[in-house]
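These are the residues of each chain, in order.
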Amino acid sequence: MMMNVPLLVAPLLERAEKYFAKKEVVSRTATGIQRFTYRQIGERTRRLASVLTQLGVQKGERVGTLAWNHHRHLEAYFAIPGIGAVLHTINIRLSPEHITYIINHAEDQVLLVDEDLWPLVEAIKDHLHTVKTFIVMTDYEELPETSLEHTRVHSYEKLLEKGDPTFAFDKDLDENAPAGMCYTSATTGNPKGVTYTQRSIVLHCMALGLVDTLALSESDIAMAVVPMFHVNAWGLPFAATWFGTTQVMPGPRFTPQLLAELIQQEKVTTTAGVPTIWLGMLQVLEAGNYDISSLRNIVCGGSAAPRGVIQAYETKYGVPFLHAYGMTETSPVVTCARLKSYQQDLSPEEKLDISAKQGLVVPGLEIKVVGPNGEVTPDGQEMGELLIRGPWIADEYYKDERSSEAFIDGWLHTGDVATIDEEGTIKLVDRTKDLIKSGGEWISSVDIENALMAHEAVFEATCIGVPHPEWAERPVACVVLKEAYRDKVTKDDLLSFIAPHFAKWWLPDDIIFMNEIPKTSVGKFLKRQLRDQLNQHLQQS
Ligand code: AMP
């Protein structure tokens, strides 16, 4: 028999403190670039953990973060699970209504907020029912103006001064206890919460270190561009710390230019983000004179990586492009599109075909593709829904009745439609859900449809994701007007009617008036047909 040692998050940081004390975290914040060693990060994290304990945070309670990628957020990544509490990273791009919902639903006790995101908190603070304390992560002496009682709002750095740099993390934790939380948008209704456990985070980190997966290692200089509020920046901050990897954190409101500069200056070797980011950086690279030759790869996921982008990085800049697939529910890494050893001799076109697919399931997980008649034939043709199981896959949504729709008989039903070929490579072809993914962030088509249909002139409306050169997808609405309103109501009338209900980037790029929306035999909108029809609609923009 072997030792039954629990897999916990805090020891990942302890390893960096002990063996990589001199290695650095390079963090861009509001006032510029700051550099910290893992020794300093360790001490600051212990101070934060002691402060949270003093503030009364209990095991199992949620602590929310509204923050960009920087060293303070990294400290929260370890301090919160390190006291047995739950790191709830909140997607700052959701609408204020959804942010309010998830903070209340998760019952966050404390919120750690970036200074530039404070106006968001100001706008929703009266609707937050559980948050006792707000901690502002700021470089400045002064705290932002607020009407909240001053005893409830603290400066992160001032609190840290009072913290204990030798504070001991809680080792008496169950590895299956919750350690992290992230909400993911649903087709309709409120976002759904996914809870990561101490154990699932550690196992997912191991997967990131495998040579045939992301091969993250001590020798890397890793820059997660994917936000730390989106599936824990794909687990990279946890794994990079554990392995003693140098980390570069791009901070608030970065531009593609800034990313190219950081890669050049800091000699970044691996970086990860959604296709929109890499598309944006391509334009900058083409216009400017940047040296990105330090990169050993770019990891791309969250939406399908366009062939043209893969090809441009690989052939023009000599940077291998690693396409990966996953979801909030899967921690996220499920598949990576790496060529097998015997595929290396294929033609460039054939290799590109493989890299543009979502790839092979990583060790530790199981997948199957299931059609109406059971598992599909692995011929790369037959389609079915992708099902996943494994130790870093969620098996329920947090306190949510919708769990039973996705978690069935021990498998996560992803809602993604895929083919699988004889090599085991999966290719995503569609989604059973009809969410729209713009720049890596979801837009609910159903919410937009409902808002449009509330207009007195609208007979029926639907909204679909249309491929967009920059944002991967953008929403386009198709509307049938009631007879009496035809030619009387304009696109702008409808857009201004729904605008108050949504974040600006949720609004459709176009509204197309139709005489009829194509439907299935049971009267559902045939979104697939519309998607085919409008496939090129936004290509010229
Ligand atoms: P999220 O939970 O926000 O990370 O979104 C997960 C969803 O994004 C998946 O269910 C897919 O529909 C989509 N997705 C993620 N990675 C890829 C990829 N490499 N190619 C195509 N779609 C992807």
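This text goes with the structure placed above it.
Residues numbered from 1 in each chain as written. Predicted model: local features only at pLDDT ≥ 70, side-chain atom pairs only at ≥ 80, totals over all residues. Heavy atoms only, no water.

Student: Is there a simple way to explain the overall build of the protein in this structure?
Tutor: Secondary structure assignment for the protein yields 17 helices and 27 strands. Computed over its C-alpha atoms, the radius of gyration of the protein comes to 23 Å, within 12% of the 24 Å expected for a compact globule of 541 residues. Over its C-alpha atoms, taken along the principal directions, the protein stretches across nearly 70 × 60 × 55 Å. Counting over 541 residues, the protein shows a buried share of 59%. For the protein, the share of sequence-separated contacts (at least 6 apart) that also reach a separation of at least 24 residues comes to 69%. Taken together, the 50 basic and 71 acidic charged side chains of the protein have centroids lying 3 Å from each other. (Helix = DSSP H or I, 4+ residues; strand = E, 2+ residues; numbered from the N terminus. Rg over C-alpha atoms; globule rule 2.2 N^0.38 Å. Buried < 20%, exposed > 50% of the residue type's maximum accessible area, 1.4 Å probe, protein only. Contact = heavy atoms within 4.5 Å. Lys, Arg positive; Asp, Glu negative; His and termini not counted. Charge placed at Lys NZ, Arg CZ, Asp CG, Glu CD.)

Student: Even after reading the chapter, I still don't get the site of the ligand, so can you show me in this structure?
Tutor: As a structural note, the neighbourhood of the ligand is formed by 18 residues, with His323, Ala324, Thr328, Gln358 and Asp416 the closest of them. Within the backbone of Ala304, one N or O atom sits 3.1 Å away from a nitrogen atom of the ligand. Summarising the interface, the protein chains cover 95% of the accessible area of the ligand, which totals 490 Å² for the free molecule. Elements with a minimum of two residues in the shell around the ligand: β14 (321–326) and β22 (426–431). For the shell around the ligand, the residue count by class is six nonpolar, eight polar and four charged. (Near = heavy atom within 4 Å. Polar contact = N/O pair within 3.5 Å; in protein donor to acceptor, adjacent residues only side chain to side chain. Areas by Shrake-Rupley, 256 points an atom, 1.4 Å probe, with all protein chains shown as cover. Nonpolar A, V, L, I, M, F, W, Y, C, P; charged D, E, K, R; others polar.)

Student: Please explain the pairing of strand β3 (residues 62–66) as it appears in this structure.
Tutor: Along any regular strand, the residues point their side chains to alternate faces of the sheet. In terms of burial, β3 is largely enclosed, as five of its five residues are buried. Relative to strand β4 (residues 86–89), β3 runs parallel, the two being bridged by four bridges. Each residue of the ladder has a partner; that of Val63, found in β4, is Leu87. As for the winding sense of the linkage, the β-α-β connection from β3 through helix α3 (residues 71–82) to β4 is right-handed. The pairing of β3 with strand β5 (residues 110–114) spans four bridges and is parallel. Pairing of Val63 across the sheet is with Val110, part of β5. (Pairing = 2+ DSSP bridges. Right-handed = clockwise from strand over helix to strand, strands pointing away.)

Student: I'm lost on the packing of helix α12 (residues 307–316) against helix α13 (residues 348–356) in this one. Help?
Tutor: A pair of packed helices can be characterised by two numbers: the angle between their axes and the separation between those axes. Relative to each other, α12 and α13 sit at 120°, their axes nearing to 10 Å. By the criterion of interaxial angle, the relationship of α12 to α13 is oblique. The two elements α12 and α13 cross, and the hand of that crossing is right-handed. Together, Arg307, Ile310 and Gln311 of α12 and Glu349, Leu352, Asp353, Ser355 and Ala356 of α13 make up the contact between the two elements. Classifying every residue of the contact of α12 with α13 by side-chain character gives three nonpolar, two polar and three charged. (Axes fitted to C-alpha atoms, helices over the stretch in contact; angles between N-to-C directions. Parallel < 35°, antiparallel > 145°, perpendicular 65-115°, else oblique. Left-handed = near helix turned anticlockwise from the far one by under 90°.)

Student: Quick question: what am I supposed to make of the packing of helix α1 (residues 10–19) against helix α9 (residues 236–243) here?
Tutor: As a packed pair, α1 and α9 sit with axes 7 Å apart at the nearest point and diverge in direction by 40°. What the angle tells us is that α1 and α9 run oblique. The crossing of α1 and α9 is left-handed. Contacts between α1 and α9 involve Leu12, Leu13, Arg15 and Ala16 from the first element and Phe238, Thr241, Trp242 and Phe243 from the second. Here the contact of α1 with α9 is built from residues that sort into six nonpolar, one polar and one charged.

Student: What's the story with the sheet that holds strand β10 (residues 221–224) in this structure? I'm lost.
Tutor: Note: strands within a sheet are paired through backbone hydrogen bonds, in either parallel or antiparallel orientation. Spatial ordering of the open sheet is given by β2-β1-β11-β10-β12-β13-β14-β15-β16, a layout of nine strands whose pairing is mixed. The sheet terminates laterally at β2 (32–37) and β16 (360–361), the two strands that pair on one side only. Sheet analysis places β10 next to strand β12 (residues 270–273), joined by three bridges and oriented parallel. Within β12, the position partnered with Ala222 by the bridge is Thr270. Against the sheet, α3 touches β1 (24–29), β2 and β11 (246–249), its axis set at about 125° to β1.

Student: Would you explain the packing of aromatic side chains in this entry?
Tutor: Any two aromatic rings considered together are summarised by their centre-to-centre distance and by the angle between their planes. This structure, assessed with the given rule, holds nine aromatic pairs. Here Tyr397 and Phe407 contribute two aromatic rings whose centre-to-centre distance is 4.9 Å and whose plane-to-plane angle is 65°, an arrangement assigned as edge-to-face. With Tyr397 in the loop between β19 (384–389) and α14 (403–406) and Phe407 in strand β20 (residues 407–408), the pair connects residues that are 10 residues apart, well separated along the chain. On the basis of relative accessible area, Tyr397 is assigned to the buried category, the value being 4%. Note that Arg389 overlies the ring of Trp411, its terminal NZ or CZ placed 5.7 Å from the centroid. (Phe/Tyr/Trp six-rings, centres within 6.5 Å; stacked < 30°, edge-to-face > 60°. Lys NZ or Arg CZ within 6 Å of the ring centre and 35° of its normal.)

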